[in-house]
Amino acid sequence: MRITTQNGQVVLQADHTPMTADVRHLTDIQMRALGVSRVAYIKPVIVEGEDAFAIHAADGTPMALTEDQETAVEAILQHEMVPALLH
């Protein structure tokens, strides 16, 4: 299975058949198909009294902190991962 993004959409390709899904509406099967190593979560946090955004691997492992959400999304996409926002 190959995972890419196009226009903010996740494109899953299995057996050369592309399937586009809005990441906010993935089914359980689609989420499992993404694979843990391909998904990174962005969570708003407060660090030393300042707002920040934490990036975590799908298994919860902390990976990075950024000052804004846009930078977090860009960092995840640069590493060919799929961003998921937590509220």
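These numbers come from a predicted model, not from an experiment.

A. Layout of the overall build of the protein chain. For the protein chain, the helix and strand inventory stands at two helices and seven strands. The proportion of buried residues among the 87 residues of the protein chain is 29%. In the protein chain, 28% of the contacts between residues at least 6 apart in sequence involve partners at least 24 apart. As displayed, the protein chain has an accessible area near 6200 Å², and 51% of this comes from carbon and sulfur atoms.

B. Structural context of the pairing of strand 5 (residues 50–57). Relative to strand 5, strand 4 (residues 39–47) runs antiparallel, the two being bridged by eight bridges. Across the sheet, residue Ile46 finds its bridge partner in strand 5, namely Asp51. Counting the residues between successive antiparallel strands, the hairpin from strand 4 to strand 5 contains two residues, one of them, Glu48, with a positive phi of roughly 50°. Two elements, strand 5 and strand 6 (residues 62–66), share four bridges in a ladder whose sense is antiparallel.

C. Quick peek at the environment of His56. The topology assignment puts His56 in strand 5. Sequence-wise, His56 and Val39 are 17 residues apart; in three dimensions their C-alpha atoms are separated by 8.8 Å. For His56, the residues in contact, after removing those within four places along its chain, are Val39, Ala40, Tyr41, Thr61, Pro62 and Met63. Side-chain polar atoms of His56 contact the backbone oxygen of Gly60, separated by 3.2 Å.

D. Representation of the side chain of Thr66. Here Thr66 shows up in strand 6. Looking at Thr66, the relative accessible area reads 11%, which means it is buried. Here the side chain of Thr66 touches Asp68 through a polar contact of 2.9 Å, landing on its backbone oxygen. Sequence-distant contacts of Thr66, defined by excluding residues within four places in its chain, comprise Ala52, Phe53, Ile55, Thr71 and Ala72.

E. The pairing of strand 4, seen in detail. Pairing of strand 4 with strand 7 (residues 82–85), which is carried by four bridges, proceeds in the parallel orientation. Of the residues in strand 7, the one forming a bridge with Tyr41 is Ala84.

Reading the values: the criteria
Residues numbered from 1 in each chain as written. Predicted model: local features only at pLDDT ≥ 70, side-chain atom pairs only at ≥ 80, totals over all residues. Heavy atoms only, no water. Helix = DSSP H or I, 4+ residues; strand = E, 2+ residues; numbered from the N terminus. Buried < 20%, exposed > 50% of the residue type's maximum accessible area, 1.4 Å probe, protein only. Contact = heavy atoms within 4.5 Å. Areas by Shrake-Rupley, 256 points an atom, 1.4 Å probe, with all protein chains shown as cover. Pairing = 2+ DSSP bridges. Polar contact = N/O pair within 3.5 Å; in protein donor to acceptor, adjacent residues only side chain to side chain.

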